[in-house]
Amino acid sequence: MAFHDIRFPANLSFGAMGGPERRTDIVTLANGFEERSSPWKHARRRYDAGMGLRSLDDIEQLIAFFEAREGQLHAFRWKDWADFKSSLPSQRITPLDQLIAMGDDRTYAIQLVKGYASGEQTYLRPIAKPVAGTVRVAVGGDEVQEGVDFDVDLTTGILTFRDAPDLGAEVRAGFEFDVAVRFDTDRIETAVSHFQAGQAPSVPVVEVRL
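Reading guide: rules and limits
Residues numbered from 1 in each chain as written. Predicted model: local features only at pLDDT ≥ 70, side-chain atom pairs only at ≥ 80, totals over all residues. Heavy atoms only, no water. Phe/Tyr/Trp six-rings, centres within 6.5 Å; stacked < 30°, edge-to-face > 60°. Helix = DSSP H or I, 4+ residues; strand = E, 2+ residues; numbered from the N terminus. Lys NZ or Arg CZ within 6 Å of the ring centre and 35° of its normal. Contact = heavy atoms within 4.5 Å. Polar contact = N/O pair within 3.5 Å; in protein donor to acceptor, adjacent residues only side chain to side chain. Pairing = 2+ DSSP bridges. Axes fitted to C-alpha atoms, helices over the stretch in contact; angles between N-to-C directions.

Student: An account of the packing of aromatic side chains is requested, with residue identities and associated values reported.
Tutor: Evaluated as defined, the whole model comprises 14 aromatic pairs. Each ring, one from Phe 8 and one from Phe 183, has its centre 6.4 Å from the other, and the planes form 75°; the classification is edge-to-face. One end of the pair, Phe 8, is in the loop between strand E1 (2-7) and helix H1 (10-13); the other, Phe 183, is in strand E16 (residues 179-183), with 175 residues separating them in the sequence. Each member of the aromatic cluster is reached from another via a ring pair, and the members are Phe 8, Tyr 47, Phe 65, Phe 66, Phe 76, Trp 78 and Phe 183. Across the ring face of Trp 81, the terminal group of Lys 79 is positioned such that the distance to the ring centre comes to 3.8 Å. Arg 209 extends its terminal NZ or CZ atom over the ring of Trp 40, reaching a point 5.9 Å from the ring centre.

Student: Tell me what's going on with the environment of His 42, and back it up with residues and numbers.
Tutor: Structurally, His 42 can be placed in the loop between strand E4 (34-37) and strand E5 (44-48). Between the C-alpha atom of His 42 and that of Tyr 123, which follows or precedes it by 81 residues, the distance is 8.9 Å. For His 42, the residues in contact, after removing those within four places along its chain, are Arg 22, Tyr 123, Leu 124, Pro 126 and Arg 209. A polar atom in the side chain of His 42 sits 2.9 Å from the side chain of Tyr 123.

Student: So what's going on with unusual backbone geometry? Residues and values would help.
Tutor: A positive phi angle is found at Glu 70, which is not glycine, with a value near 55°. Looking at the secondary structure, you find Glu 70 in the loop between helix H2 (56-68) and strand E6 (74-78).

Student: Give a description of the sheet that holds strand E12 (residues 142-144) that names residues and reports values.
Tutor: Pairing is antiparallel across the open sheet formed by 4 strands, whose spatial order is E7-E15-E11-E12. One side of each edge strand has no neighbouring strand; the edge strands of this open sheet are strand E7 (98-102) and E12. Sheet twist, expressed as the average angle between the axes of neighbouring strands with direction ignored, equals 35°.

As far as function goes, none of this settles anything; it's purely spatial.
Here it is in structure tokens:
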């Protein structure tokens, strides 16, 4: 089992269906009230890659990628076109997009995160697979430079600063990111006649924890 640091063809994932899922355990008490809990701190995403196929050449590309990953054995990168960057979909990435930490003058390594806010609640999602060349960072409102002031690990999403951010300084970041997934099947079934009639095969993929 391994992670192959390669992205599923973005032209094939465009049009795919999918999104986050949660796991909630619900117990109904004798008085009719409920007790709800979740063993998952973070959501897990599922997609159907088959929905993005538009031609027989696309199927050939899919099969080649599937065989190179040996089915479910090896994970890979996936671009979720509905949620792939730190800013709103209609806006450009800036180094001020996401507050990822407050400086304490001691911490050098900081995890990239993306916040999802609604009302007074905010969920922080760890970002482990940033896209190379897209990460922009600001400390105390001033942009700093990758390779000079900090380094980014593209396999974990951890920023390592040359100098620890000052006490109380806001550390913000903007970035594009992928999702680590694997195929959720060891079999791909295609029929040329069905595909030409507009019926795409089902090719499920599921997010993995790394």
